[in-house]
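Each chain is listed here by its residues.
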Amino acid sequence: MQLVNVMRKNPERKPPVVRIGKAASAVLVLSALAVLVGCQGFSQSTSGGQSGNLVLGSASVDFGDVTPGTTKTLTVTATNSGNATVNVSSASVSTKYFAMTSPALPVALAAGASTTLSISFTPNAAAKFSATLSISTDASNGNQTISLAGSGSGLLALNPASEPFGNVNVGATKSQVVTITNSDTSSVSISQVSVNSSAFSITGITTPVSLGASQSTTFTVTFAPKASGNASGTVTITSNAPNPSLTMSVSGTGVAPGALSANPTSLSFGSVVVGSTGSLSETITNTGGSSVSVSQVGITGTGMSVSGITTPLTLNGGQSATFTVKFAPTAAGAISGNLTVTSTATNPTLTIPVSGTGVAPGALSANPTSLSFGSVNVGSTGSLSETITNTGGSSVSVSQVGITGTGMSVSGITTPLTLNGGQSATFTVKFAPTAAGAISGNLTVTSTATNPTLTIPVSGTGVANTVGQLSVSPSTLALGNVVDGSSGTATGTLTASGATVTVTAASTNNSVFTIGGFSLPHTITAGQSANFTITFSPLTAGAVSATLTFTSNASPSTTTETLTGTGTPAPTHSVALSWNASTSQNISGYNIYRAGYTTSCGSFSKINGVLDTSTLYTDSSVTNGSAYCYATTAVESNVESGYSNIVSNVQIPAQ
């Protein structure tokens, strides 16, 4: 057996011995193959009894003592002792502290060729290490293995040699216990343990610390990110050991704590017809950097429900989940509630208001519920108004309005027509008989309402073409005296005789007279009467007259009435004041003062322009409907006395 001595850099340590056997030869072959492949390329497999045989120079490699944190490399020879090419496809090591650094795989090793396998050892602590190097080949003697061994020793060592803390929420902490071991034969004094990043801190050790041979101590490194982002630092152990400055790299990433947001922040279904279902989409998003576990999604509010989401559910940072919220009202009325998402987020209960209104299905009603034209002369046309209303809460589409009955027709409505909840449509139904006799039929409204066919009976009687007469009473309608700027009213009567009369117009030839209380067109059955109202609103004083004219299908076609009235000026008022003369000598006159009155007298103001030498005064500047207070003063040698007795609450009539 051949011995290969590998000298260490530390002259005080004994050099390790590498024993090379068959296994070592196989490793060396791999290095050579890397060169051979570049020149010869990969060889084809052979037949006819030829085979490759991979022989390793050693079945085990012992690296001896290696300082933690440093690397030592040894080699093993691998030889193809067969007569055919051996293909080495891969190699793996069972622990990260050993590695095969060359050759690059895969390689093909020709018959008789050799290569060198380089293997490294990097201990991270003062401890014994072992591993297995496994080599996969197509050699006739199959896959090969090499046993690896080594020890970390000699100086101060850290375990672990580095620490990646990974993701940690901002505001949270993560800690790692680190062991310092003195692998030397003499004691070591540690003077300082520090870290150069504010995101990391060190606890659990107070320096100076003395470690005897083979003795250990521990401290704790804590990562406490204050903001999102990557952080890194170096822990430095300062001592009098042969490696006086021992370092350990630390790193981590601060991530924002998981927080849930909603889009939209509230859900409003608006109006939904009872018996149907409204649907809206809702999205929750984890706006933080750490994952959030959603444990429950619940909802309150009659008829409200959630679908399309299953809990428990995990949302990573930035991840969203979209689901459906439904509203199926069972009765008319406003409904409100809350969609609640329970999770491990910083906002553990996310509340999303939901609302909607159940509305009754659209339904049509008629006003009036039937139409009767009474008697209409043959050749004439009677008209009546009809109103249909959507009494429900949802819209109704009217597709058709039809009518049956000879001479019956509809105008003033166009289909299709949409009526929203509470909305109405008014139109005209006409009866134009072509012959004498009773006629009946139906006005039919077809729609999408819950009563899709609304039927309104219609009837009328055609009568022989007899011309009616229209009379008005009284022949002269006197409105009397009315104060200018105000109004007076009087009532007149129209009477039909001989046949039904339809009044189509009414007007006066003077705008101070207006007609009211009478809608047009207006049909008056023979023998019946209708009242109307005339309003007289004079603007100036004096007698006024006008002619009121009614236009109809009677004979004659116009009927008139004389209107009269007199505008009178609004009355004016004055206040006559008198007082007893002053008993003082040399009185030169008097001043008169007035104040407004509500519940008491206000501020007084003088109302006479010149000094009044009598004891009488008339105030003609009063306002109708007001109240006043009065007082006088006496003036002697330009000296004015105080107020006399005050007269309060003098009422001025409104007219």
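Further up the page is the structure itself.
This text gives an overview of the structure that appears in the document. As the structure is a prediction and not an experimental result, all values here were calculated from the model. (Residues numbered from 1 in each chain as written. Predicted model: local features only at pLDDT ≥ 70, side-chain atom pairs only at ≥ 80, totals over all residues. Heavy atoms only, no water.)

## Here we look at the overall build of the chain
If you tally the helices and strands in the chain, you get one helix and 54 strands. In terms of overall dimensions, the chain is more spread out than a globule: its C-alpha atoms have a radius of gyration of 57 Å, far above the 26 Å expected for 655 residues. In terms of overall dimensions, the chain has C-alpha extents of about 155 × 105 × 45 Å along its principal axes. Looking at the chain as a whole, 37% of its 655 residues are labelled buried. On the chain, the mean spot of the 15 positive side-chain charges and the mean spot of the 14 negative ones are 38 Å from each other. (Helix = DSSP H or I, 4+ residues; strand = E, 2+ residues; numbered from the N terminus. Rg over C-alpha atoms; globule rule 2.2 N^0.38 Å. Buried < 20%, exposed > 50% of the residue type's maximum accessible area, 1.4 Å probe, protein only. Lys, Arg positive; Asp, Glu negative; His and termini not counted. Charge placed at Lys NZ, Arg CZ, Asp CG, Glu CD.)

## Regarding the pattern of salt bridges
Think of it this way: side chains of opposite charge can pair up when their charged atoms draw near. According to the stated counting rule, one finds one salt bridge in the structure shown. As a salt-bridge pair, aspartate 619 and arginine 594 come within 2.7 Å of each other at their nearest N and O atoms. With a gap of 25 residues between them, aspartate 619 in strand 51 (residues 616-619) and arginine 594 in strand 49 (residues 587-596) connect regions that are remote in the sequence. Across the pair, arginine 594 and aspartate 619 agree in class, each one buried. (Salt bridge = Lys/Arg side-chain N within 4 Å of Asp/Glu carboxyl O.)

## Some details on the sheet that holds strand 33 (residues 396-403)
Pairing within the open sheet is mixed, and its five strands lie in the order 31-38-37-33-35. Edge positions in the open sheet fall to strand 31 (371-377) and strand 35 (417-419), since each of these has one partner strand only. Within the sheet, the average angular offset between the axes of one strand and its neighbour, ignoring direction, is 30°. As judged from the 10 bridges shared by strand 37 (residues 437-447) and strand 38 (residues 453-463), these two strands associate in the antiparallel manner. Paired with threonine 446 across the two strands is threonine 453, which belongs to strand 38. (Pairing = 2+ DSSP bridges. Axes fitted to C-alpha atoms, helices over the stretch in contact; angles between N-to-C directions.)

## Considering the packing of aromatic side chains
Considering all chains together, one arrives at 17 aromatic pairs under this definition. With a centroid separation of 5.6 Å and 50° between ring planes, the pair formed by phenylalanine 63 and phenylalanine 121 is classed as tilted. Of this pair, phenylalanine 63 sits in strand 4 (residues 60-66) while phenylalanine 121 sits in strand 9 (residues 114-121), placing them 58 residues apart in sequence. Judged by relative accessible area, which is 0%, phenylalanine 63 ranks as buried. Judged by relative accessible area, which is 0%, phenylalanine 121 ranks as buried. Seen from their ring centres, phenylalanine 513 and phenylalanine 536 are 4.8 Å apart, and the 15° between their planes marks the pair as stacked. Of the two residues, phenylalanine 513 is situated in strand 43 (residues 513-516) and phenylalanine 536 in strand 45 (residues 529-536); the sequence distance between them amounts to 23 residues. For the pair shown, phenylalanine 513 and phenylalanine 536 are each scored as buried. The structure contains a cluster of three or more aromatic residues connected by ring pairs, namely Phe63, Tyr97, Phe98, Phe121 and Phe129. (Phe/Tyr/Trp six-rings, centres within 6.5 Å; stacked < 30°, edge-to-face > 60°.)

## Points about the nonpolar core
For soluble globular proteins, nonpolar side chains are generally found buried alongside one another. Membership of the largest hydrophobic core comes to 25 residues, with the highest contact counts inside it found for Phe63, Ile119, Ile146 and Leu148. Elements supplying a minimum of two residues to this core: strand 3 (54-56), strand 4, strand 5 (72-80), strand 6 (86-93), strand 8 (107-109), strand 9, strand 10 (128-137) and strand 11 (144-152). Val221, Phe223, Ala231 and Ile237 belong to the second largest nonpolar core, which has 24 residues in total. (Core = buried A, V, L, I, M, F, W, Y, C linked by side-chain atoms within 4.5 Å.)

## Things to note about the state of the cysteines
Across all of its chains, the model carries one disulfide by this definition. Across a sulfur-sulfur distance of 2.0 Å, cysteine 601 and cysteine 629 are joined as a disulfide pair. Between cysteine 601 and cysteine 629, the S-S torsion sits near -85°, and that sign places the bridge as left-handed. Residue cysteine 601 is found in the loop between strand 49 and strand 50 (605-606), and its partner cysteine 629 is found in strand 52 (residues 627-636); the two are separated by 28 residues along the sequence. (Disulfide = S-S within 2.5 Å.)

## Regarding unusual backbone geometry
Put simply, serine 102 and proline 103 share a cis peptide bond, and its omega is 0°. Structurally, proline 103 is set in the loop between strand 7 (98-102) and strand 8. In this model, asparagine 159 is joined to proline 160 through a cis peptide bond whose omega is 0°. Within the secondary structure, proline 160 is located in the loop between strand 12 (156-159) and strand 13 (162-169).

## What about the sheet that holds strand 16 (residues 200-203)?
Paired through their backbone hydrogen bonds, the strands of a sheet run either parallel or antiparallel. Spatially, four strands are ordered 12-14-18-16 in an open sheet, and the strand pairing comes out antiparallel. This sheet does not close on itself; its edge strands, each paired only once, are strand 12 and strand 16. The average undirected angle you get between the axes of adjacent strands in this sheet is 25°. Sheet topology places strand 14 (residues 174-182) next to strand 18 (residues 216-223); eight bridges connect them, and they run antiparallel. Bridge pairing in strand 18 links glutamine 176 to valine 221.

## Side note on the pairing of strand 19 (residues 229-239)
Relative to strand 19, strand 15 (residues 188-195) runs antiparallel, the two sharing five bridges. Within strand 19, the position partnered with isoleucine 190 by the bridge is serine 239. Where strand 19 lies against strand 20 (residues 245-255), 10 bridges are found, and the strand directions are antiparallel. Within strand 20, the residue paired with isoleucine 237 across the bridge is leucine 246.

## Looking at the side chain of asparagine 608
Along the chain, asparagine 608 turns up in the loop between strand 50 and strand 51. A distance of 3.0 Å separates a polar atom in the side chain of asparagine 608 from the backbone nitrogen of isoleucine 592. Contact partners of asparagine 608, with chain neighbours within four places excluded, come to Tyr590, Asn591, Ile592 and Tyr617. (Polar contact = N/O pair within 3.5 Å; in protein donor to acceptor, adjacent residues only side chain to side chain. Contact = heavy atoms within 4.5 Å.)

## Looking at the environment of serine 600
Mapped onto the elements, serine 600 comes out in the loop between strand 49 and strand 50. With 49 residues separating them along the chain, serine 600 and asparagine 649 place their C-alpha atoms 7.9 Å apart.

## Examining the environment of serine 355
Along the chain, the position of serine 355 falls in strand 29 (residues 349-359). In contact with serine 355, not counting residues within four places along its chain, are Leu267, Ser268, Phe269, Gly270, Met304, Ile335 and Ser336.

## With respect to the pairing of strand 46 (residues 542-552)
Summarising the sheet, strand 42 (residues 501-508) and strand 46 pair through five bridges and their orientation is antiparallel. The residue bridging serine 507 from the neighbouring strand is threonine 549, located in strand 46. Count of turn residues in the strand 46/strand 47 (residues 558-568) antiparallel hairpin: five residues.

## Overview of the side chain of threonine 181
Relative to the elements of secondary structure, threonine 181 occurs in strand 14. A distance of 2.9 Å separates polar atoms of two side chains, one belonging to threonine 181 and the other to serine 216.

## Considerations on the environment of alanine 425
By the secondary structure assignment, alanine 425 is in strand 36 (residues 424-431). Here the alpha-carbon distance between alanine 425 and leucine 158, two residues 267 residues apart in the chain, equals 91 Å. If we skip the residues at most four places from it in the chain, alanine 425 touches Glu386, Thr387, Ile388, Ile413, Leu417 and Leu419.

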